[in-house]
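The primary structure of each chain is shown beneath.
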Amino acid sequence: MFYRQKHLLAIEGLTPPEIGHLLELADSYVLLNRSGKTQRDLLRGRTLINLFFEDSTRTRTSFELAGKRLGADVINMSVSTSSVNKGETLLDTAATLNAMQCDLLVVRHDQSGAPNLLARKVDASVINAGDGTHEHPTQALLDALTIKRRKGRIEGLTVAICGDVLHSRVARSNIHLLTTLGNRVRVVGPPTLLPAGIADLGVSVFHDMKSGLEGADIVMMLRLQKERMTRGLVPSAREYFRFWGLDAAKLAYANDDALIMHPGPMNRGVEIDSAVADHPTRSLIKEQVEMGVAVRMAVLDTLSRGDGRNDV
Ligand code: ASP
């Protein structure tokens, strides 16, 4: 057992064996899911609470499915139906959840660091399902599994992460994971959407798609996160697409067998053109969703065993 932590709060700080363990286990869950078999004894009698303070489609449903496939009792709490709207603080919510003796707590919050705070206050294992602009660890794991299964490896590749890196927790988690495993990571976007000091994370920085995509094995597009923008950082959607949107012409700068990824939800015609998003052989976007369920099963499985782990 290589993963010895109680929680999964970030990719930053995980070791290659820890990441490798989660990916290998997830790979076995892909096969199990495809065979139609289930593993309903593993989490029988355990309670998983999905606590989502921000919208989600793929992440929430895939955690729910993953928990149910492993036999857990799954409860979905969304902010609109909970007391949070009545002014209950995050810590009061934590105390309430603790009293319910939940075993696994999946949290999404618009504030970076909220899952870390909860992890210090509840007895459950906490899984970060996306916190502000900080991290989205299960997304990076599912992206890595998708790449590994298609390319046969997850090291020595050139990965271009393009677009709104500034607001993207997906970018941050992917940068940590991909550099930890020995890939070359590039970030590509307008200066207004690349955070200052991003090169310190071990990535190369490009300000145009042509040079950023040249020689890339993977082109990972990011959603333009309008909801996190407090000022006008980009021109019109049309202008943005012209310079930064992935279409067949820009994809041609990358390697001939380069694969296309996007974490969803996609703004078609803004950061990605439908012709490449739906490309029958080069788009991995649907496969990313399938891998999401397997990765979340592996994470729930690993954290629920908790043998010999170090509490954080
Ligand atoms: N679904 C991803 C996230 O929650 C990506 C996005 O929203 O653009 O971060």
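Summary of the structure given here. (Residues numbered from 1 in each chain as written. Predicted model: local features only at pLDDT ≥ 70, side-chain atom pairs only at ≥ 80, totals over all residues. Heavy atoms only, no water.)

## Observations concerning the pattern of salt bridges
Note the threshold: What counts as a salt bridge is simple: a side-chain nitrogen of Lys or Arg found within 4 Å of a carboxyl oxygen of Asp or Glu. Here's how the labels work: a residue is buried when its accessible area is under 20% of the maximum for its type, exposed when over 50%, partly exposed in between, all with a 1.4 Å probe on protein chains only.
If you walk through the whole model with that rule in mind, you get 15 salt bridges. With a shortest N-O distance of 3.9 Å, lysine 250 and aspartate 247 are connected by a salt bridge. The same class applies to lysine 250 and to aspartate 247, which are both buried. A cluster of three or more residues bridged by salt bridges with shared partners is formed by Glu54, Arg169 and Arg228.

## Quick notes on the packing of helix H1 (residues 16–35) against helix H5 (residues 137–151)
We apply this condition: Here the axes come from fitting lines to C-alpha atoms, over the contacting stretch only for helices, and the angles between their N-to-C directions go from 0 to 180 degrees. To qualify as a helix, a DSSP run of H or I must reach at least 4 residues; to qualify as a strand, a run of E must reach at least 2; elements of each kind are numbered from the N terminus. Every angle not falling under 35 degrees, over 145, or within 65 to 115 is termed oblique; those three ranges are roughly parallel, roughly antiparallel and roughly perpendicular. Throughout, a residue-residue contact means that at least one pair of heavy atoms, one from each residue, lies within 4.5 Å.
Where H1 contacts H5, the two axes come as close as 10 Å, and the packing angle between them is 70°. Classed by the angle they form, the pair H1 and H5 counts as roughly perpendicular. Side by side, H1 and H5 meet where Ile19, Leu22, Leu23, Ala26, Asp27, Val30 and Arg34 of the first sit next to Leu141, Ala144, Leu145 and Arg149 of the second.

## A short note on the pairing of strand S5 (residues 158–162)
To be explicit about the condition: Any two strands with at least two DSSP-identified bridges between them are counted as paired. Viewed with both strands pointing away, a crossover whose connecting path from the first strand over the helix to the second turns clockwise is right-handed.
Extensive coverage of S5 is indicated by the burial of 5 of its 5 residues. Side chains Thr158, Ala160 and Cys162 project from S5 onto one buried face, and the interleaved Val159 and Ile161 project onto a second face that is buried too. Note: S5 against strand S6 (residues 184–188), 5 bridges, orientation parallel. Pairing of valine 159 across the sheet is with valine 185, part of S6. Chirality of the crossover, the property in question, places the unit of S5, helix H6 (residues 169–180) and S6 among those that are right-handed. Bridge analysis of S5 against strand S8 (residues 218–221) gives 4 bridges, and the strand direction is parallel. Following the sheet pairing, alanine 160 is matched in S8 by valine 219.

## With respect to helix H2 (residues 58–69)
Spelled out, the test is: Expected helix span is given by 1.5 Å per residue-to-residue step, counting one fewer step than there are residues.
Between its first and last C-alpha, H2 extends 16 Å over 12 residues, near the 16 Å set by a 1.5 Å rise per residue. For H2, the complete set of buried residues consists of Thr59, Ser62, Phe63, Glu64, Ala66 and Gly67. Contacts from the buried residues of H2 go to strand S1 (47–52), strand S2 (73–78), strand S3 (104–109), strand S4 (125–131), H5 and helix H11 (285–305).

## Structural notes on the sheet that holds S4
On the basis of which strands lie adjacent, the open sheet formed by 4 strands has the order S2-S1-S3-S4 and parallel pairing. Only two strands of the sheet have a single neighbouring strand rather than two, namely S2 and S4. Taking the axes of each pair of neighbouring strands and ignoring which way they run, one obtains an average angle of 15° across the sheet. Contacting S1, S2, S3 and S4, H2 crosses the sheet at an angle of about 175° to S1.

## Things to note about the environment of glutamate 155
Positionally, glutamate 155 belongs in the loop between H5 and S5. For the pair glutamate 155 and leucine 181, spaced 26 residues apart in sequence, the C-alpha separation works out to 5.7 Å. In this structure, glutamate 155 is in contact with Leu181, Gly182 and Asn183, ignoring residues within four places of it in sequence.

## Thoughts on the side chain of serine 168
What counts, and what does not: Throughout this description, a polar contact denotes any pair of N or O atoms lying within 3.5 Å of each other; where both atoms belong to protein, one of them has to be capable of donating a hydrogen while the other can accept it, and for residues adjacent in sequence the pair is counted only when both atoms sit in side chains.
Turning to its location among the elements, serine 168 is positioned in the loop between S5 and H6. On the basis of relative accessible area, serine 168 is assigned to the buried category, the value being 1%. A polar atom in the side chain of serine 168 sits 3.3 Å from the backbone nitrogen of valine 170. A distance of 2.9 Å separates the side chain of serine 168 from the backbone nitrogen of alanine 171, its partner in a polar contact.

## Notes on the packing of aromatic side chains
This is how it is decided: When two rings of Phe, Tyr or Trp (its six-membered ring) have centres within 6.5 Å they constitute a pair, described as stacked for plane angles under 30 degrees, edge-to-face for angles over 60, and tilted for the intermediate range. Here, a charge over a ring is recorded when the distance from Lys NZ or Arg CZ to the ring centre is within 6 Å and its angle to the ring normal is within 35 degrees.
Tallied over the full model, the rule gives 0 aromatic pairs. One cation-aromatic arrangement involves lysine 250 over phenylalanine 241; the distance from NZ or CZ to the ring centre is 5.4 Å.

## A word on the sheet that holds S8
Sheet strands pair by backbone hydrogen bonding; their relative direction is either parallel or antiparallel. With respect to topology, 5 strands assemble into an open sheet ordered S7-S6-S5-S8-S9, the strand pairing being parallel. The strands lining the two open edges of the sheet, one partner per strand, are strand S7 (204–206) and strand S9 (259–261). Neighbour to neighbour, the strand axes of the sheet diverge by 20° on average, direction disregarded. Running over the sheet, H5 touches S8 and S9 and is turned about 165° from S9.

## Points about unusual backbone geometry
The peptide bond linking glycine 264 to proline 265 adopts the cis configuration, its omega dihedral lying at 0°. Not every positive phi belongs to a glycine, and glutamine 101 is a case in point at roughly 55°. Relative accessible area serves as the criterion here: at 64%, glutamine 101 is assigned to the exposed category.

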